[in-house]
Amino acid sequence: MVKKYWLVKSEPTAFSIEDLKNSKNQTTFWDGVRNYQARNYLRDEMKKGDGVLFYYSNTEPNVVIGICEVVKEGYPDHTQFDPESKHYFPSSDPKKPVWFMVDIKFVKEFKTPVTLEEIKENSKLSKMKLIQRGNRLSVMPVEKKEWDEIIKIGK
DNA sequence: GCCAACGTTGGC
DNA sequence: GCCAACGTTGGC
């Protein structure tokens, strides 16, 4: 099994890497993804042990703040069945859930977070989905060489 | 706060 | 099945 690499987005005001560190076992379920393409990655492709870049959007500056790892593979996102949740999705049938999530565990916080600007300026990172026009995916695959470069810069 | 990009919804 | 309207994302 070849290890794969991913990037997930979060607004730090919603869920920060500090929140992840403070979670039980430094692990959390990545709930609330309501996009089919991202869902397919969560459900079908993210495997235990895969590396995940933790990205902050809508901040100043936007950065890859650290890394974590997949510790539990795709399973139904319970918030879709919860009328109290803002992620409630009434048309989803518990016998055939629409939305999935994975569990991720904190690995490290970068000494030098990698800014969006640096990613844009780095020719090795110019193909990253993150900076492709109009991209709004909150979960996306990352190439190994891109992962390696980010890790090198972030430390 | 603005607005371009894009996904989803719903009328037809 | 088309597509206009609408809501959300996310960089700036």
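Residues numbered from 1 in each chain as written. Chains lettered and ligands numbered in written order. Predicted model: local features only at pLDDT ≥ 70, side-chain atom pairs only at ≥ 80, totals over all residues. Heavy atoms only, no water.

1. Some points on the overall build of chain A
The helix and strand tally for chain A stands at 4 helices and 6 strands. Against the globule reference of 15 Å for 155 residues, chain A gives a C-alpha radius of gyration of 15 Å, in line with a compact fold. With the principal axes as the frame, chain A shows a C-alpha extent of 45 × 35 × 30 Å. In chain A, of all internal contacts separated by at least 6 residues, the share reaching a separation of at least 24 is 73%. Across chain A, the centroid of the 27 positively charged side chains sits 5 Å from that of the 23 negatively charged ones. (Helix = DSSP H or I, 4+ residues; strand = E, 2+ residues; numbered from the N terminus. Rg over C-alpha atoms; globule rule 2.2 N^0.38 Å. Contact = heavy atoms within 4.5 Å. Lys, Arg positive; Asp, Glu negative; His and termini not counted. Charge placed at Lys NZ, Arg CZ, Asp CG, Glu CD.)

2. Quick look at the protein's contact with DNA strand B
Surrounding DNA strand B, one finds Tyr 36, Arg 133, Gly 134 and Arg 136. Of everything in DNA strand B that lies within 4 Å of the protein, sugar and phosphate atoms constitute 67%. The separation between a base oxygen of DNA strand B and a polar side-chain atom of Arg 136 is 2.4 Å. (Near = heavy atom within 4 Å. Polar contact = N/O pair within 3.5 Å; in protein donor to acceptor, adjacent residues only side chain to side chain.)

3. Brief notes about the confidence of the model for chain A
Looking at chain A as a whole, the pLDDT averages 92, with 100% of positions reaching at least 70. Element-level pLDDT for chain A is lowest in helix 1 (residues 17–22), with a mean of 92, against a maximum mean of 96 in strand 3 (residues 51–56). (pLDDT = per-residue confidence, 0-100.)

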